[in-house]
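Coordinate inspection notes
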Amino acid sequence: MEAMRQEIILGCVFIYLLLCIGVGLWAMRRTKSAGDFFVAGRGLGPVVISLAVFSSTLSGFGFVGGPGLVYATGLSSVWMAVCSALGFATGYYLISKRIRMIAEVRDTMSMPDVVFARYGSETARLLTAATIILGVLGYLATQILAMALVLQSILSATDMLADISLLACVVISSAVLIFYCVTGGIIASVYTDLVQGIVMIISGALVVITAYSVFGGGFTEVSSILLEKDGEDIMPFGTLGSMASLSWYFLFGLGLAGQPHVASKMMMNRKLSDNRVVLPMTIFGYVIAAMLWVSVGVVMRALVLGDVALPLGAPDEAAPAFLSTYAHPLLAGIVFAGLFAAIMSTADSFLNIGAAAIIHDIPKAIRGKSLNNELFWARASTVGLAVFAAAIALYSGDLVAILGAFGWGTFAAALVPVILIGLNWKQASAKAAIVSISISLLINFVIQLYGIKVPYGISTGFLAMLTSMILFIGISLLEKPKKLPYDIDRIMDL
């Protein structure tokens, strides 16, 4: 079987890509309205929702970017992965019930709809939509770049396509992604999540076992090599230090409640009581799959530092290189297919919420109503967003995890105060929402565009989120409380 390694891997990936096309065509027949395209008609069960939430959160960010970041910086990024379980609990306990009830009474289809229902401000809706588009481009570029890097790793190992370029892999990946998303909308995404979430849990556990067995002494030997060669790698805060790690802890721990792809899935379940099942299933699946993040990264770092393997051309090659070299061929093929599944479904989620912002939320904020024939324009804007994000993926020059952290930070800084605090505090005001979103976007993009170095490696997203939270609370306290609409007031009392 080892002699057929590349053929097995290619076969698994090819079968999966065909499955994506089939799922897209099947879902297209079930997608008859904008509501179907954006929120799956709000009729999904708890198993589908829980698998969709955790797998779309992990995706290429965790399966490619995570091991790459551990390979590059040691255990610093563990503070991203570990605290996300806390983020799931925070989000579900504090906002999921209210988001689902607002969706029911106001017929909302997106997070900007929820923001408008809570604050009654079209400006707040517009800024939320703008935030989503900007964050989606960063996050979507993450998924496309991750998919292209994995595809390049697989194809370049064959004689026929040994010299295939990253550009060609981006084009192939984007073409399949666009077809899958345009035809199926969110229905294609969540039902693919059902299968690939199970694959991620099982394969994640098997990959951890494989990583353990690479060295005869297991992870103890891995730790010894890292301590001997570069002691900071294996220290609790890694090579980036305590301030950088703790800023990621708070950004990812609180920031999950501001992720629109998670909030949109909170609108899709059939019953509120389903959340009792969704939360523990989501955390369990995420924790098992996230173990791959740490184990593959530290093992690849130990292999290189221990002179067992050649240095990688780029940190993001850590997971593909490990799977192609050390995993059983069938396991490698299944994990690669599962990885493509994770990336495709997550990219679909982001394209979906980005398209909703363009054709539903921004027109509503500007002219009071969304576009006519929303389903057609949703599909057209999906194509445009995917092409633009592919260009960012090619020319940004950033690691997958850094692009993902930027997208996450953009969402968290702008939307955590407005959603997490605003849905639990009646005094929160529209003006506070407008100012906090605006300032958070300004901080994020000025620092990113001008390459400003934040002291002590503190995350830009954390700095922006902390500033926006202080402004949000301060401005709300200074304003006279306004009476909420009766239905929103009753929901806030629950």
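Since the structure is predicted, the reported quantities are computational estimates derived from the model, not experimental observations.

Attention now moves to the pattern of salt bridges. Throughout the structure, instances matching the rule amount to seven salt bridges. Among the ionic pairs, Glu-104 bridges to Arg-100, the shortest N-O distance being 2.9 Å. Residue Glu-104 and its partner Arg-100 are both found in helix α4 (residues 78-106); the two are separated by four residues, about one turn of the helix. Judged by relative accessible area, which is 55%, Glu-104 ranks as exposed. A residue is classified by how much of its surface remains accessible, and Arg-100, at 6% relative accessible area, is buried.

Moving on: the packing of α4 against helix α11 (residues 275-305). Where α4 contacts α11, the two axes come as close as 10 Å, and the packing angle between them is 170°. By the criterion of interaxial angle, the relationship of α4 to α11 is roughly antiparallel. Note on element contacts: α11 touches α4 through Asn-275, Val-278, Leu-279, Thr-282, Ile-283, Tyr-286, Val-287, Trp-293 and Val-294, opposite Val-78, Met-80, Ala-81, Ser-84, Ala-85, Phe-88, Ala-89, Tyr-92, Tyr-93, Ser-96 and Lys-97. Considered class by class, the residues forming the contact of α4 with α11 number 15 nonpolar, four polar and one charged.

Counting residues in each nonpolar core, the largest one holds 155 residues, and the members touching the most others are Ile-99 and Met-300. No other element matches helix α6 (residues 122-155), which puts 20 residues into this core. In this structure Met-300 touches Tyr-71, Leu-312, Ala-318, Ala-321, Phe-322 and Tyr-326, once residues within four positions along its chain are discounted.

The residue Arg-118 is located in helix α5 (residues 111-119) in this model. We note that Arg-118 is buried and unpaired, the nearest opposite charge coming from Asp-489 at a distance of 8.6 Å. In terms of polar contacts, Arg-118 uses its side chain to reach the backbone carbonyl oxygen of Gly-422, at 2.7 Å. Among the polar contacts made by the side chain of Arg-118, one reaches the main-chain carbonyl oxygen of Ala-428 at a distance of 3.1 Å.

What follows is about the environment of Val-298. Along the chain, the position of Val-298 falls in helix α11. As a C-alpha pair, Val-298 and Val-70 span 228 residues in sequence and 6.3 Å in three-dimensional space.

Moving on: a nonpolar patch on the surface. A cluster of nonpolar side chains, Leu-442, Val-446, Leu-449, Tyr-450 and Ile-452, forms an exposed patch at the surface whose accessible area comes to about 550 Å². Tracing the sequence through the fold places Tyr-450 in helix α16 (residues 430-450).

With that settled, consider the layout of surface pockets. For the second largest pocket, the calculated volume is near 440 Å³. Lining the second largest pocket are 21 residues; nearest its centre among them are Ser-153, Leu-312, Glu-317, Pro-320 and Ala-321. Where the lining of the second largest pocket is concerned, the elements lending two or more residues are α6 and α12 (318-325).

The share of residues in the protein with pLDDT of 70 or more is 89%, and the mean pLDDT across the chain is 83. Per-residue pLDDT, averaged within each element of the protein, yields its smallest value for helix α2 (residues 34-39) (54) and its largest for helix α17 (residues 460-478) (95).

One way to put it is that helix α8 (residues 218-229) packs onto α11 with a least axis distance of 9 Å and a crossing angle of 55°. As the angle between them shows, α8 and α11 are arranged oblique. Relative to α11, the crossing made by α8 is left-handed. Touching Phe-219, Val-222, Ile-225, Leu-226 and Lys-229 of α8 are Ser-295, Val-298, Val-299, Arg-301, Ala-302 and Leu-305, all from α11. A breakdown of the residues in the contact of α8 with α11 according to their chemical character gives eight nonpolar, one polar and two charged.

This paragraph deals with the packing of aromatic side chains. Going through the model one piece at a time under the given rule, you end up with 10 aromatic pairs. An aromatic cluster of at least three residues, connected via ring pairs, comprises Trp-79, Phe-237, Tyr-249, Phe-250 and Phe-462. The aromatic ring of Tyr-119 is capped on one face by Arg-118, whose charged end is 4.7 Å from the ring centroid. A cation over a ring is seen here: Arg-301 above Tyr-71, with NZ or CZ 5.5 Å from the ring centre.

Calculation rules
Residues numbered from 1 in each chain as written. Predicted model: local features only at pLDDT ≥ 70, side-chain atom pairs only at ≥ 80, totals over all residues. Heavy atoms only, no water. Salt bridge = Lys/Arg side-chain N within 4 Å of Asp/Glu carboxyl O. Helix = DSSP H or I, 4+ residues; strand = E, 2+ residues; numbered from the N terminus. Buried < 20%, exposed > 50% of the residue type's maximum accessible area, 1.4 Å probe, protein only. Axes fitted to C-alpha atoms, helices over the stretch in contact; angles between N-to-C directions. Parallel < 35°, antiparallel > 145°, perpendicular 65-115°, else oblique. Contact = heavy atoms within 4.5 Å. Nonpolar A, V, L, I, M, F, W, Y, C, P; charged D, E, K, R; others polar. Core = buried A, V, L, I, M, F, W, Y, C linked by side-chain atoms within 4.5 Å. Lys, Arg positive; Asp, Glu negative; His and termini not counted. Polar contact = N/O pair within 3.5 Å; in protein donor to acceptor, adjacent residues only side chain to side chain. Patch = residues over 30% accessible without salt bridge, like charges linked within 9 Å, V, L, I, M, F, W, Y side chains within 5 Å. Areas by Shrake-Rupley, 256 points an atom, 1.4 Å probe, with all protein chains shown as cover. 1 Å grid on protein atoms, 1.4 Å probe; cavity = no way out; pocket = protein on both sides within 12 Å on 5 of 7 lines; lining within 4 Å. Points joined across faces, edges and corners; volume = space filled by probe spheres on them. pLDDT = per-residue confidence, 0-100. Left-handed = near helix turned anticlockwise from the far one by under 90°. Phe/Tyr/Trp six-rings, centres within 6.5 Å; stacked < 30°, edge-to-face > 60°. Lys NZ or Arg CZ within 6 Å of the ring centre and 35° of its normal.

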